[in-house]
Amino acid sequence: MSDSSQDDIRIIKKYPNRRLYDSRTSSHLNLADIRRLVLEQEPFQVVDAKTGEDLTRSILLQIIQEAESDGDPIFSSDMLKNIIRFYGPFQSVLGSYLEDSIQSMIDIQTQAGTQSSKAWRDFMHGQAPMMQELMRQYMEQSKALYQNTQNMFGLFGGFTDKSGADDPDNKKSGDKE
């Protein structure tokens, strides 16, 4: 019994000369073509033509790098530094969180039924400051929930507010002894 979903995956072969070849259409592709497949939600896999090694992640990272170099990037230098810092013990936590957050945004767009609509893009562009504030508040709430969970289980010795508000020995300059 053959897996029909496996048969539906478009195989893109990457050759040593860095050319990409679509075995379904018998044509060469570039990164813009691969990006189009992603946007159209076409299932595909990029494999090394000699070894058969899966190169899909590598190609997707190249597309992201190219997109980040053009126009208005999603990732600031500070955000990239923070992501790099997460590699290690908390890597899977951040990966899952980012994946779930992006999937939530896609689900919201899909529910609205306006994923590719110019009106939706124009609306979201106008709402960017409000959305950024909502995301900032969401991140603060997520951070507080994470810290409270860690404190509840006594992990890492607890966290304190950077302002020193949790420290009874920390007197504000206006406080009298």
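Our subject is the structure listed above.
All values derive from a computational prediction rather than experimental measurement. (Residues numbered from 1 in each chain as written. Predicted model: local features only at pLDDT ≥ 70, side-chain atom pairs only at ≥ 80, totals over all residues. Heavy atoms only, no water.)

For a nonpolar patch on the surface, give the residues involved together with the corresponding values.
On the surface, Met105, Ile108, Met135, Tyr138 and Met139 cluster together into a nonpolar patch covering about 440 Å² of accessible area. Of all elements in the fold, only helix H5 (91–112) and helix H7 (128–152) reach the threshold of two or more residues within the nonpolar patch. The element best represented in the nonpolar patch is H7, accounting for three residues. Topologically, Met135 is positioned in helix H7. Among the residues examined, Met135 registers a relative accessible area of 35% and is labelled partly exposed. (Patch = residues over 30% accessible without salt bridge, like charges linked within 9 Å, V, L, I, M, F, W, Y side chains within 5 Å. Areas by Shrake-Rupley, 256 points an atom, 1.4 Å probe, with all protein chains shown as cover. Salt bridge = Lys/Arg side-chain N within 4 Å of Asp/Glu carboxyl O. Helix = DSSP H or I, 4+ residues; strand = E, 2+ residues; numbered from the N terminus. Buried < 20%, exposed > 50% of the residue type's maximum accessible area, 1.4 Å probe, protein only.)

Explain helix H3 (residues 56–69) to me, using residue names and the numbers behind them.
Here H3 contains 14 residues, and its C-alpha end-to-end distance of 20 Å stays within 8% of the 20 Å for a straight helix at 1.5 Å per residue. Buried residues in H3 make contact with strand E1 (10–14), strand E2 (20–22), helix H2 (31–39) and strand E4 (44–48). (Expected span 1.5 Å × (residues − 1). Contact = heavy atoms within 4.5 Å.)

So what's going on with the nonpolar core? Residues and values would help.
The biggest cluster of nonpolar side chains holds 11 residues, and these are Ile12, Leu20, Leu29, Leu31, Ile34, Leu37, Phe44, Val46, Leu55, Ile59 and Ile63. Listing elements by their share of this core, those giving two or more residues are H2, E4 and H3. By residue number, the principal contributor to this core is H2, which donates three residues. Look past the residues within four positions of Leu29 in its chain and what remains in contact with it is Ile12, Leu20, Asp22, Ile34 and Leu37. (Core = buried A, V, L, I, M, F, W, Y, C linked by side-chain atoms within 4.5 Å.)

An account of the pattern of salt bridges is requested, with residue identities and associated values reported.
Applying the stated criterion across every chain, the model contains four salt bridges. Across the pair Asp22 and Arg10 runs a salt bridge, and its minimum N-O distance is 2.7 Å. Of the two residues, Asp22 sits in strand E2 while Arg10 sits in strand E1, which places them 12 residues apart along the sequence. For Asp22, a relative accessible area of 1% translates into the label buried. Here Glu42 and Arg10 are joined by a salt bridge, their closest N and O atoms 4.0 Å apart.

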